Amino acid sequence: MHVALFTDFHPATLGGIQTAVHAQRRGLERLGHRVTVFTAPTPESTESEQDIVVLSALGGVLVNGFAMVLPTPANNRLIDATFAERGPFDIVHTQTTYGVAIAGLRAARRHGIPVVHTVHSRDDVFIANTSPVPYLSALTMRALHGRFVSHRGQLPRNNESRAARHAWRTMVAQAQAADRVIVPTEHFAERILAHGLDRPLQVISNGIDDELLDRAQVAEPGTTHSGPLRILWCARLSGEKRLLEAIEAVRQVANCTFDIYGTGDLRERAQAAIETGGLSDRVRLHGAVSQADCLAAMATHDVLLFPSSGFDTQGMALLEAVAMRLPVVYCDPDLAETVPEGGGVRTRDPSVTAIADSLRELAAHPAQLAPMREILTDRADARQSRLTDSILSIYTDLVGGTRPAMPQSVPNVPTAPGRLPLLGHSVVALRDGLKFVTSLAEVGPIVRIYLGPRPAYVLTTPDLIREVSFGEAGEFHREELRDAIQEVIRGASNVLSGKPHELRRRMIAPALRQRRLNEYAVVAADLANTWSKSLRPDRQLNLVDEAHRLVLDTISSTLFTAEFGADAKREVQQNIPWLLSQVIQRAALPPPVRRLRVLANHRFTTKSRRLRAEIGAVVAEYRRADRDFHDVLSALVRHSDPETGTRLSDEEIIDELLLMLAAGVGSTASILGWVWHEIMRNPDIATELRRELDDFVGDAPVTPDHVAELPYLRLVVLETLRFWGPWVSTHTADGPVTLGGTILPDGAMVVFSPYMIHHNAHYYPDPETFDPDRWFPGRAEEIDKKAILPFGVGIRHCPGNNFALLTITLATAALFARWQPVADPGYRVKPSNRDFVAAPSRLPVVLQARHQARE
């Protein structure tokens, strides 16, 4: 059986829950079962472990020293990726009430896996003892929890504070969402049932790892010690554990020593209490130690002090002390269920005075300890091996001997060579992504790669790509991209899925119809001519910068032409390039790393808000003007969907305008740069193009009519789109999907590369040769239409492809009709894969005039 175990406390940290979870895990593994632990990060453990998956936490937020995790989309994706890579899983077992456990519960429901939930602790008492404002903390915790887990139904009335009631509401809601619930003691079972839990409940004690107990040196029953009473503390240094009260009680008892093992928020206050009370000679803080060290310490002490009251549901230190034959001094009557009668001393009440009296009595009469040890002689029921069968019976009952609902791990899919531990294929993909993706076609039709620890499935055939693009394989979404760009573009058509995506495509279509394109072509031609005329000969310039400048000017000038859009246009031209570069970096970085870029994130958010505000003001003015300015914004503002009557909101229009700008600055400008590069590096192509330009353009300015009158230039552009097409496109499975008969699980990342298809000799003979003539009538018919992918296919086919072709054609004609660029012979142009379309690094040239005078 394969168990997904979710806990908010990393196994490397110390505490009762961690110890209990560790024992459960080892007990299952010794019986041949597999356990994968999902947990929060901790600075106490820097070593990676194969079967521990660390989720991302909120940066800088600690609760009682522990990292705080939320069930964010990024964490959900990591969980789903792990399920896909390591599955199938049979059971999800949640061990806490917080973010990791919530994420585990939601993952189980996504994948159809049964859930067992163990309730370990009393959050109501924890909040009351550790929070300066318990009511506000409990209310906040309930509200946050309720965002992800249903809190429907009423709790029975109990005699408790409002803060406690909110805390119990959260605890019960988490348990109610499970299929089975485990609690460690009868008294806690009664309490949680009294708060309204109606799920099947079973009491199974926590246990101690057999191997640890077998190695531990247990004190003999008759062992006596003639010196001061040796008191031991093994617990977190936290308010609900009442450490400060314990130190004060020890201060009042002269003939004793006190060894404190553990760490937590009260360490500094405890040290201060020790120094202020003059206790340094007999009270010692040892800090965090392992469970094995705690067991060893129990063999050399006379009594365990366990003064918590109303908090512990069982107390791992109590179990350990009983197993190690160490008498216990405790305060809470409920804990008598764990400490056998006569095996310790329960104080008359939880007060410091009562604790001190019990310790003083034992210090004065140590002979009382011997019979206590005798009672604790045979307490083998704390061994985990005796408890694991009970847990397994719950698992088996839930699974019922049937196959898990979660899809099996993907069979018969080869993994690409070159995978590195932890990093996967990320290094080779970033170093030379184009070479990497083209190498995958030889591995198989579907190839597994790893982006860090997460698997992704690369499709290497046009038929499989079409199954995704036409919705034949199943549903997909693009939430990863949305996460990276949400500050600047929140819900544009490129990140929407399903019906919202279909509707949005219909809503933006009027802005890109042929009548509108004819109007935009006039603007694009005028700008191209003005730009070309402004260039100066005999001085070096970088044509990559020029391509970005011209494309950005062209797109922004066709988005909104009204005079009151001037400020927004300036804001666009100043900030879009930087924002786009950040989007690419943010999409490539794991969320935890992304959050560390505090200054860049602040600048990104500030610029995004300012840019959206400027464009939003223009959108509002367009609505007030209610007239057609013959631009993109006019079409978007004035259109209503004929099927639904829906009109785009201002925020939706801002998203689409920014998407068009981003696509232009990224993909269109990159392709334009490559067109110029290929013309310059192929003298025969340059000669043929100049001949065509001389025949159809001559000394005149470029006009929209030239788009249809320059057939050879069109072939050059088409070949550039093939040769330098998008190198990567990603989608995420929204439920199980089937590709070529292979089932990929929900959450699987699916990747395809038009660049790979375009450079596969099976579809394009001699693919590494730049050959515009392959698109000439008579030869073009030999190309498999399924393998033509520069603008995608299906529901995500680029709606702005005709505008991009128009812009590229007019800009190229304007440049080469007037100028002959001479490339720097000492510079080697390299592709940069920092965008979906690889971009030329630089194009340093010197321009030579082809015509002396032109209007």
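That block above? That's the structure.
Residues numbered from 1 in each chain as written. Predicted model: local features only at pLDDT ≥ 70, side-chain atom pairs only at ≥ 80, totals over all residues. Heavy atoms only, no water.

**With respect to the overall build of the protein chain**
Rules: Every helix listed is a DSSP run of H or I at least four residues long, and every strand listed is a run of E at least two residues long, numbered separately from the N terminus. Only protein chains enter the area calculation, which uses a 1.4 Å probe; residues under 20% of their type maximum are buried, those over 50% are exposed, and those in between are partly exposed. In what follows, a contact means two residues having at least one pair of non-hydrogen atoms within 4.5 Å. Per-residue and other accessible areas were derived by the Shrake-Rupley procedure at a 1.4 Å probe size, with only the shown protein chains allowed to occlude residues.
Of the regular secondary structure elements, the protein chain holds 32 helices and 27 strands. Along the longest, intermediate and shortest principal axes, the C-alpha atoms of the protein chain span 115 × 55 × 55 Å. The buried share among the 855 residues of the protein chain stands at 56%. Taking the intrachain contacts of the protein chain between residues at least 6 apart in sequence as the baseline, contacts between residues at least 24 apart amount to 73%. Within the structure as shown, the protein chain displays about 35,800 Å² of accessible surface, and the carbon and sulfur contribution to it stands at 52%.

**A short note on the nonpolar core**
Convention followed: Only buried residues count toward a nonpolar core. Its members are Ala, Val, Leu, Ile, Met, Phe, Trp, Tyr and Cys residues joined through side-chain atoms within 4.5 Å.
The biggest cluster of nonpolar side chains holds 139 residues, and the ones touching the most others in it are Leu459, Phe560, Leu633, Leu657, Leu658, Trp676 and Leu739. With 16 residues, the single largest contributor to this core is helix α27 (residues 650–681). For Leu739, the residues in contact, after removing those within four places along its chain, are Ile446, Leu459, Leu464, Glu467, Val468, Ala473, Leu744 and Val750. Ile247, Val253, Cys256 and Leu266 belong to the second-largest nonpolar core, a separate cluster that totals 32 residues.

**Observations concerning helix α20 (residues 498–508)**
Residues three or four positions apart in an α-helix share a direction because the helix packs 3.6 residues into each turn. Put simply, the rule is: Note that the arc is computed from the directions linking the helix axis to the C-beta atoms.
Where α20 is concerned, the buried positions are His501, Arg504, Met507 and Ile508. Angularly, the buried residues of α20 cover 125° about the axis, an arc narrow enough to put them on a single face. Considering only its buried residues, α20 is in contact with α26 (632–638) and α27.

**Regarding the pairing of strand β2 (residues 34–39)**
Formally: Paired strands are those between which DSSP finds at least two bridges. Seen with its strands pointing away from the viewer, a crossover is right-handed if its path from the first strand over the helix to the second goes clockwise.
Counting buried positions over the 6 residues of β2 gives 5, a clear majority of the element. Relative to β2, strand β1 (residues 2–7) is paired through 6 bridges, and the arrangement is parallel. Counted as the bridge partner of Phe6 is Phe38 from β2. One crossover worth recording links β1 to the parallel β2 by way of helix α1 (residues 16–30), and it is right-handed. Of the pairings in the sheet, the one linking β2 to strand β3 (residues 52–54) comprises 3 bridges and is parallel in character. Each bridged residue has a counterpart across the sheet, and for Val37 the counterpart in β3 is Ile52.

**Observations concerning the sheet that holds strand β13 (residues 303–306)**
Our working definition: Under this scheme, a helix contributes an axis fitted over its contacting stretch, all axes are lines through C-alpha atoms, and angles between N-to-C directions fall in the 0 to 180 degree range.
With parallel pairing, the 6 strands of this open sheet are ordered in space as β12-β11-β10-β13-β14-β15. Across the chains shown, the open sheet's two edge strands, defined by having one partner strand only, are β12 (283–287) and β15 (344–346). In this sheet, adjacent strand axes meet at a mean angle of 20° when their direction is disregarded. Bridge count between strand β10 (residues 229–234) and strand β11 (residues 256–261): 6 bridges; the pairing is parallel. Bridged to Trp233 within β11 is Ile260. Sheet strands in contact with helix α9 (residues 243–251) are β10, β11, β12 and β13, and its direction is about 160° off that of β11. Docked against the sheet, helix α11 (residues 291–298) engages β10, β11 and β13, running at close to 160° with respect to β10.

**Regarding the packing of α27 against helix α30 (residues 711–723)**
Under the convention used in this document: Any angle that falls under 35 degrees is termed roughly parallel, while one over 145 is termed roughly antiparallel, one within 65 to 115 roughly perpendicular, and all others oblique. Each helix crossing is assigned a hand: it is left-handed if the near helix lies turned anticlockwise from the far helix by less than a right angle, otherwise right-handed if that turn is clockwise.
It is the contact of α27 with α30, at a shortest axis distance of 9 Å, that shows an interaxial angle of 110°. In terms of their interaxial angle, α27 and α30 are classed as roughly perpendicular. Between α27 and α30 the crossing geometry is right-handed. Where α27 abuts α30, its residues Ile671, Trp674, Val675, Glu678, Ile679 and Arg681 lie against Val716, Val717, Thr720, Leu721 and Phe723.

**Here we look at the sheet that holds strand β16 (residues 446–451)**
Reading across the sheet, the 5 strands line up as β16-β17-β23-β20-β18 and stay open at both edges, with mixed pairing between neighbours. Of all the strands in the sheet, just β16 and β18 (476–477) have a single pairing partner and so form its edges. As defined by bridge partners, β18 adjoins strand β20 (residues 729–733) across 2 bridges and the pair is classed as antiparallel. When the bridges of β20 are listed, Phe476 appears paired with Ala733. Contacts between helix α2 (residues 73–86) and the sheet are confined to β16 and β17 (454–459), with β17 contributing the most and set at about 70° to the helix.

**Thoughts on the packing of aromatic side chains**
In plain terms, the rule: Between rings of Phe, Tyr and Trp, where Trp is taken as its six-membered ring, a pair exists when centres lie within 6.5 Å; planes separated by under 30 degrees are stacked, by over 60 edge-to-face, and by other angles tilted. We call a charge positioned over a ring when the NZ of a Lys or the CZ of an Arg lies within 6 Å of the ring centre and within 35 degrees of the ring normal.
According to the stated counting rule, one finds 14 aromatic pairs in the structure shown. Measuring from centroid to centroid gives 5.8 Å for Phe38 and Phe83, while their planes differ by 70°, and the two rings are edge-to-face. Of this pair, Phe38 sits in strand β2 while Phe83 sits in helix α2, placing them 45 residues apart in sequence. Residue Phe38 is classed as buried on the basis of its relative accessible area of 0%. When the centroid spacing of 5.8 Å and the interplanar angle of 85° are considered together, the rings of Tyr520 and Phe803 count as edge-to-face. With Tyr520 in helix α21 (residues 514–534) and Phe803 in helix α32 (residues 801–818), the pair connects residues that are 283 residues apart, well separated along the chain. Exposure class is identical for Tyr520 and Phe803. Each is buried. The structure contains a cluster of three or more aromatic residues connected by ring pairs, namely Trp674, Phe723, Trp724, Tyr755 and Phe770. One cation-aromatic arrangement involves Arg419 over Tyr450; the distance from NZ or CZ to the ring centre is 3.5 Å. Lying across the ring of Tyr764, Arg722 places its NZ or CZ 5.5 Å from the centre.

**Topic: the pattern of salt bridges**
Once their charged atoms are close, side chains differing in charge can pair, the charge on each being opposite to the other. What counts here: Just to be clear on terms, a salt bridge is a Lys or Arg side-chain nitrogen sitting within 4 Å of an Asp or Glu carboxyl oxygen.
Going through the model one piece at a time under the given rule, you end up with 42 salt bridges. Here Arg515 and Glu519 are joined by a salt bridge, their closest N and O atoms 3.6 Å apart. Pair noted here: Arg515 and Glu519 are both in helix α21, with a separation of 4 residues, about one helical turn. Of the charged contacts in the structure, one is a salt bridge between Glu519 and Arg516, with a shortest N-O distance of 3.8 Å. On the criterion of helical spacing, the pair formed by Glu519 and Arg516 is a turn pair, its members being 3 residues apart in helix α21. Via salt bridges that share partners, Lys499, Glu502, Arg506, Asp641 and Glu643 belong to a single interconnected network.

**Some thoughts on the side chain of Asp179**
Worth spelling out the cut-off: In protein, a polar contact means a hydrogen-donor-capable atom and an acceptor-capable atom, both N or O and within 3.5 Å, with residues adjacent in sequence counting only if both atoms are side-chain atoms; elsewhere, any N or O pair within 3.5 Å suffices.
Looking at where Asp179 falls in the secondary structure, it is placed in the loop between α6 (162–176) and β8 (180–183). In this structure the side chain of Asp179 is engaged in a polar contact, spanning 2.7 Å, whose partner is the backbone nitrogen of Val115. Residue contacts for Asp179: discarding those within four places in its chain leaves Arg109, Pro114, Val115, Arg199, Pro200 and Leu398.

**Some points on the packing of α1 against helix α15 (residues 385–399)**
Here is the rule: Classification convention: Asp, Glu, Lys, Arg as charged; Ala, Val, Leu, Ile, Met, Phe, Trp, Tyr, Cys, Pro as nonpolar; all other residues, Gly among them, as polar.
Closest axis-to-axis distance for the α1/α15 pair is 10 Å, and the angle between their directions is 75°. In terms of axis orientation, α1 runs roughly perpendicular to α15. For the pair α1 and α15, the contacting residues are Gln24, Gly27 and Leu28 in the first and Thr388, Ile391, Leu392 and Tyr395 in the second. Considering only residue class, the contact of α1 with α15 consists of 4 nonpolar, 3 polar and no charged.

**Structural notes on helix α13 (residues 352–364)**
Applied cut-off: What a helix is expected to span follows from its residue count: subtract one and scale by 1.5 Å.
Taking 1.5 Å per residue as the helical rise, α13 with its 13 residues ought to reach 18 Å, and the 18 Å between its terminal C-alpha atoms agrees with that figure. The set of residues buried in α13 consists of Val352, Ala354, Ile355, Ala356, Ser358, Leu359, Leu362 and Ala363. Contacts made by the buried residues of α13 are with β10, α9, β13, β14 (328–330), β15 and α14 (369–375).

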